[in-house]
Amino acid sequence: MRYPAKVKLVDVGPRDGLQNEKQPVPAEVKIQLVHMLQDAGLKEIEVTSFVSPKWVPQMADATEVMAGIQRKPGVRYSVLVPNMKGLEAAFPSKPDEVVVFGAASEAFSQRNINCSIAESIERFAPVVEAARAKGIYVRGAISTAVGCPYQGEVKPESVELVARLMKEIGVQHCGVADTIGVGTPRKVQAAMEAALKHYALDDISGHFHDTYGQALPNTLACLELGVWQYDASVAGLGGCPYAKGATGNVATEDVVYMLHGMGIDTGIDLDKLIDAGKYVSDFLGRKPVSRAAQAILTRRAG
Ligand SMILES: CC(C)(COP(=O)([O-])OP(=O)([O-])OC[C@H]1O[C@@H](n2cnc3c(N)ncnc32)[C@H](O)[C@@H]1OP(=O)([O-])[O-])[C@@H](O)C(=O)NCCC(=O)NCCSC(=O)C[C@@](C)(O)CC(=O)[O-]
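Note that the structure is predicted; figures quoted are calculated from it, not measured. Starting afresh in each chain, residues are numbered from 1 along the sequence in its written order. Reporting in this predicted model follows two pLDDT cut-offs: at least 70 for local features of residues, and 80 or more for side-chain atom pairs to be given and counted; totals over whole chains, interfaces and linings ignore these cut-offs and use all residues. Hydrogen atoms and water are omitted, and side-chain values are computed over all heavy atoms in the structure.

As a rule of thumb, nonpolar side chains are buried together in soluble globular proteins. The biggest cluster of nonpolar side chains holds 98 residues, and the ones touching the most others in it are Leu 9, Val 81 and Leu 273. Secondary structure elements follow DSSP: runs of H or I of four or more residues count as helices, runs of E of two or more count as strands, with numbering from the N terminus. Take this core: its biggest share by element is seven residues, from helix 2 (residues 27-39). Contacts are assigned to residue pairs with any non-hydrogen atoms lying within 4.5 Å of each other. Filtering out sequence-adjacent residues up to four positions away, Val 81 remains in contact with Phe 50, Gly 86, Leu 87, Ala 90, Val 98, Val 99, Val 100, Phe 101 and Val 127. Put simply, buried Ala, Val, Leu, Ile, Met, Phe, Trp, Tyr and Cys residues joined by side-chain atoms within 4.5 Å make one nonpolar core. Relative accessibility thresholds used throughout: buried, under 20% of the residue-type maximum; exposed, over 50%; partly exposed, between the two (1.4 Å probe, protein chains only).

Our focus in this paragraph is the pairing of strand 8 (residues 173-178). Within strand 8, six of the six residues are buried, leaving the element largely enclosed by the surrounding structure. Pairing between strands is defined by DSSP: at least two bridges between the two strands are required. Pairing of strand 5 (residues 137-143) with strand 8 involves four bridges; the strand directions are parallel. Within strand 8, the position partnered with Gly 140 by the bridge is Cys 174. Relative to strand 9 (residues 204-208), strand 8 runs parallel, the two sharing five bridges. Considered in strand 9, the bridge of Cys 174 is made with Ile 204.

On to the pairing of strand 3 (residues 76-80), then. Consecutive side chains of a regular strand alternate in pointing toward one face of the sheet and then the other. With four of five residues buried, strand 3 is to be regarded as a mostly interior element. With five bridges joining them, strand 2 (residues 44-49) and strand 3 adopt parallel strand pairing. Note that in strand 3 the partner of Glu 44 across the bridge is Arg 76. With the strands pointing away from the viewer, any crossover whose connection runs clockwise from the first strand over the helix to the second is right-handed. The parallel pair strand 2 and strand 3 is bridged by helix 3 (residues 62-68), and the resulting crossover is right-handed. Of the strand pairs in this sheet, strand 3 and strand 4 (residues 97-103) are connected by three bridges, and their pairing is parallel. What sits directly across from Leu 80, in strand 4, is Val 99. Taking the sense of rotation as the criterion, the β-α-β connection linking strand 3, helix 4 (residues 84-90) and strand 4 turns out right-handed.

One closed barrel holds the eight strands; their spatial order is 1-2-3-4-5-8-9-10, and the pairing between them is parallel. Averaged over neighbouring strand pairs, the angle between their axes works out to 25° when direction is ignored. Axis angles are defined between N-to-C directions and span 0 to 180 degrees, where every axis is a line fitted to C-alpha atoms and, for a helix, only to the segment in contact. Taken strand by strand, helix 8 (residues 185-195) contacts strand 8 and strand 9, and its axis lies near 150° from that of strand 9. Those strands touched by helix 10 (residues 252-261) are strand 1 (8-11) and strand 10 (229-232), and its axis lies near 170° from that of strand 1.

Right, let's talk about the layout of surface pockets for a bit. Residues are called lining when one of their atoms sits within 4 Å of a cavity or pocket point, these points coming from a 1 Å grid over the protein atoms alone, where a cavity is a set in which a 1.4 Å probe fits but cannot get out and a pocket is an open set with protein on both sides within 12 Å along at least five of seven lines. Grid points are joined across faces, edges and corners, and a volume is the space filled by probe spheres set on the points. Here the largest pocket defines a volume of roughly 730 Å³. What lines the largest pocket is a set of 44 residues, among which Val 51, Leu 80, Pro 82, Phe 101 and Ile 113 lie closest to the centre. Here the element with the most residues in the lining of the largest pocket is strand 5; it accounts for four residues. As a working rule, the residues Ala, Val, Leu, Ile, Met, Phe, Trp, Tyr, Cys and Pro are called nonpolar, Asp, Glu, Lys and Arg charged, and the rest polar, with Gly in that last group. Classifying every residue of the lining of the largest pocket by side-chain character gives 21 nonpolar, 15 polar and eight charged. Taken as a whole, the second largest pocket holds about 240 Å³ of empty space. In terms of lining residues, the second largest pocket is bounded by 15 residues, among which Asp 210, Gly 213, Asp 254, Val 289 and Arg 291 are the most central. The element that contributes the greatest number of residues to the lining of the second largest pocket is helix 9 (residues 215-224), accounting for three residues. Across the lining of the second largest pocket, the residue classes tally to six nonpolar, six polar and three charged.

In summary, the pairing rule links any two rings of Phe, Tyr or Trp, Trp by its six-membered ring, whose centres are within 6.5 Å, and it sorts them by plane angle into stacked for under 30 degrees, edge-to-face for over 60 and tilted for everything else. Summed over all chains, the structure comprises two aromatic pairs. Judged by centre distance (6.4 Å) and plane angle (25°), the ring pair of Phe 108 and Tyr 150 falls under stacked. Of the two residues, Phe 108 is situated in helix 5 (residues 106-113) and Tyr 150 in the loop between strand 6 (147-148) and strand 7 (152-153); the sequence distance between them amounts to 42 residues. An angle of 50° between the planes, with centres 6.4 Å apart, marks the rings of Phe 208 and Tyr 230 as tilted. Separated by 22 residues along the polypeptide, Phe 208 in strand 9 and Tyr 230 in strand 10 bring together distant segments of the chain. For the pair Phe 208 and Tyr 230, one class covers both residues: buried. Residue placement shows Lys 134 over the ring face of Phe 91; its charged tip is 4.8 Å from the ring centre. We call a charge positioned over a ring when the NZ of a Lys or the CZ of an Arg lies within 6 Å of the ring centre and within 35 degrees of the ring normal.

See below:
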């Protein structure tokens, strides 16, 4: 089996990881987390989202967080925007990339962004056009690509349809997301192959939650397809507010440990990454979910 020699990881911890956190997380903590992630070698960080504060109160400080970051050359800072209002609010923060987020399941689309899949594409079209006109790269996320908390199993055909619709409106990159972590390797490969009908290998990524402990095998399965870009969340933080019971993304530390063990380059310093995960976990008053981080922290403690 030939795996990609290099993998790009996008740390979505500050956004996906913290959006569902019940306790208030001050902007300074989010900013410090971003700084520690960039120091650890992350080349892309999903910082925040410009969404309705009524829907996701934890992200209400998006502008403050973006303003507080001291940017490191070579690092891309992305933000989620669900509509034109979000994009216009994001513009002054000068994100390198915006993420429009749709779903392969109608029920999830309604619960998450309050519209149908078709309506979401209509909303995204002007967002994509306006962002690209300003030279901002546009990534798309397809949630519930294998399973939906409201509708059950999701077929690859639904992923293919949303990937095609996103491609048609000019979305440049397609993220295939297992929002509730129900996928297993063959199913996730099928979802990825469906998206690959419309997006090139270089324009596609995986985003796997670890609810059922399948995120690492799912990552390995997609590496077998040649997919070399993945989202992950430091310390395994997170979950989606509209996917009850779903745990966080695969922990970035665990993915890095696996990839380095396979001789795959990530450009990330695992020790510094573990420090970032420990920093935010200490603030939240719990241990990092990452097994690799727990093992290394135990070893460090002697
Ligand atoms: C999309 C909307 C806004 C539609 O919500 P809506 O209620 O249908 O929107 P609306 O256009 O009717 O506006 C209603 C109110 O929201 C305001 N509003 C409208 N837009 C914005 C905006 N951008 N920023 C701030 N405020 C906004 C608007 O101004 C108005 O305010 P009011 O007049 O009532 O005071 C809402 O459903 C929403 O914010 N949803 C966010 C859901 C979300 O953030 N989910 C988590 C992120 S997705 C995710 O985690 C999955 C992912 C990406 O990680 C991949 C995976 O794992 O699946």
